Structures are given as structure tokens and as C-alpha cells.
Amino acid sequence: MAVVTYEVKNHVGYVTLNRPDVLNCFNYETLSVLQGIIDDIYTDKNVRVVIFMGAGEKAFSAGADLKERRSLSEGEVKRNVKKIREVFSSVEALPQPTIAAINGYAFGGGFELALACDFRYAVEGTKMGLTETSLGIIPGAGGTQRLPRLIGSAKALELVLTARKLTSEEALDYGILNGVVKSEDLLSKCEDLSFEICKNAPVAVQQAKFAVREGMNVDRHTGMAIESKAYEVTIPTKDRLEALDAFAEKRKPEFKGE
């Protein structure tokens, strides 16, 4: 059985962590397969939005595979941590918008994968959090950096130092989630957002994401320069001209990502 599955439908890529028997935990094989899929998505113009999911009904991902960790040398642990950090950085760096469909537990690395995505929706009543300090370690796949940028340093530090497990509803109140839905509505909610995004020009969507993401890490003056350069990328595109023609002809534009 593939530890990660991937398919594309209607310009949406569906990436599913497929180890439900161990709550979709990350071992080295899973990380390696996931990296290969991310690399393929990065250059695939047919994919306009990516949804990350966990197989089964219990977990999005409960984090690192602790059973595997117990058998690893210190050097192998460092290798695994480096790998998971690199994979999640690759997720964050995808030009396409990304959505985490949190169908169940999201702890440690599982929560960090969700934080690497642009949007996060979760089912009612599940739990999530950065629980690493309760295991004698710290978040090592971007959690200490992405969570403070999302909700502020004081709130993030409180969650990291206490290893607190939040309910979906609490995570929504913290500003971590975009929404909380019933289990049966999770995928359709994520798809609704995906299809709404897919209606727009792909190059423009990707450049807008780039401008926002990169602009968040610099001062406003530099951010304005980033925005200007991102805008310039859209000017020579066929999609921009198609939008103008469609407006004049009172029809919906047909964007091709060119």
C-alpha cells in the first residue's frame, strides 16, 4: 500500500497521508514519498490548488512515527528531522494555494504540516497542537516559526511550552483555522474554496500568494516592491488579455495559466 497517495481532478491535487493504522504518522519513507509528490506538483501547471488529507477517520497526522524513532541512532534522528523540515518547507514554497483538511488528530509534525499550508479547515471536536515538549523535544519542522507568525509570539509560546492540545473550536478562536465543519462536510468545504480559486487566472493567483507570503517577512516598503514585481509577471500573460476580452464580450473568461 502506498504510504502517500496522490491524484488530480478538476485542477485540484489531492495528497493523502495513507497510514491510518498508525494515525498517519511520518516515518522516513513517508517523508521521502511526500517530497517526490511535492516536487511533481511544483512544476505541474495543471494543478491549481492542493488539498492535504489524512486517510481514515481518526487522524490527519499524529506526527512523527515514535516507534521508528525508538530504533534510530542520534544521527538518524537528525536525518529525519532535517527531512521533515525540508518537506514542509517545500509545501510552504508551492506556488499553488494549499489547504489542510484536518479530519482528525493533528499533533506535532501533523500540526506543522497544517501550518505549512495556506488554509486550514478541521472537523468538529478533534484535537491538535504542538506537543513536542511533552516528549522531551521541541517542534522541529517549522512550528516554532510559523505558529508565532500566524497568531503572535505570546500565544504561540504559551501553546508550545505547555504542549497544550486544542480542540478545533479553540484553534478557530486562536486564529489557527479558517473554519470548523462537520466531518461529512470537510472535503466539500475544502473543494468549494478550491473551485472558487480555480475560477481565477492561475498565474495571477500564484503571484498574489507569492506577494502576500514574501511580503509578510519584510518591511512594508520592501513588500510593496515585491508586490510590484509580482504584478509585472502577470502583465504579459495571455490570461490577462483573455480577461479583458471576456469583460468586453460579457462572458466568463477561460483561463489556461498562460
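Above this note sits the structure.
How each quantity is defined
- Residues numbered from 1 in each chain as written.
- Predicted model: local features only at pLDDT ≥ 70, side-chain atom pairs only at ≥ 80, totals over all residues.
- Heavy atoms only, no water.
- Salt bridge = Lys/Arg side-chain N within 4 Å of Asp/Glu carboxyl O.
- Helix = DSSP H or I, 4+ residues; strand = E, 2+ residues; numbered from the N terminus.
- Buried < 20%, exposed > 50% of the residue type's maximum accessible area, 1.4 Å probe, protein only.
- Core = buried A, V, L, I, M, F, W, Y, C linked by side-chain atoms within 4.5 Å.
- Contact = heavy atoms within 4.5 Å.
- Axes fitted to C-alpha atoms, helices over the stretch in contact; angles between N-to-C directions.
- Parallel < 35°, antiparallel > 145°, perpendicular 65-115°, else oblique.
- Left-handed = near helix turned anticlockwise from the far one by under 90°.
- Pairing = 2+ DSSP bridges.

Caption draft 1: Layout of the pattern of salt bridges. In this structure the tally under the stated criterion is ten salt bridges. Between E86 and K82 there is a salt bridge, and its shortest N-O distance comes to 2.4 Å. Pair noted here: E86 and K82 are both in helix α3 (residues 74–93), with a separation of four residues, about one helical turn. Classification of K82 as partly exposed rests on a relative accessible area of 46%. With its nearest N and O atoms 3.7 Å apart, the salt bridge here joins R213 to E92. A residue pair is termed long-range when its members are at least 10 positions apart, and R213 in helix α9 (residues 202–215) and E92 in helix α3 qualify at 121 residues. One network of salt bridges, in which partners are shared, links E92, D118, R146, K209 and R213.

Caption draft 2: Seen up close, the nonpolar core. L34, F52, I102 and I176 are the most contacted members of the largest nonpolar core, which totals 42 residues. When near neighbours in sequence (up to four residues on either side) are disregarded, F52 contacts V15, L34, I38, F60, V91, L94, T98, I99, A100, A101 and C117. Ranked by size, the runner-up nonpolar core spans 16 residues in total, among them V12, V49, M53 and V205.

Caption draft 3: View of the packing of α3 against helix α4 (residues 109–116). Remark: α3 packs on α4, axes separated minimally by 8 Å, with the N-to-C direction vectors making an angle of 25 degrees. Classed by the angle they form, the pair α3 and α4 counts as roughly parallel. Considering the relative orientation of α3 and α4, their crossing is right-handed. In this structure, α3 contributes I84, F88, V91 and E92 to the contact, and α4 contributes G109, E112, L113 and A116.

Caption draft 4: Structural view of the sheet that holds strand β4 (residues 59–61). Spatial ordering of the open sheet is given by β4-β6-β8-β9, a layout of four strands whose pairing is mixed. Of all strands in the sheet, those with a lone pairing partner are β4 and β9 (166–167), marking the two edges. Direction of pairing for strand β6 (residues 105–107) relative to strand β8 (residues 127–129): parallel, over a ladder of two bridges. From the neighbouring strand, F107 faces β8, where its bridge partner is G129. Sheet strands touched by α4: β4, β6 and β8. Its angle to β6, the strand with the most contacts, is close to 90 degrees.

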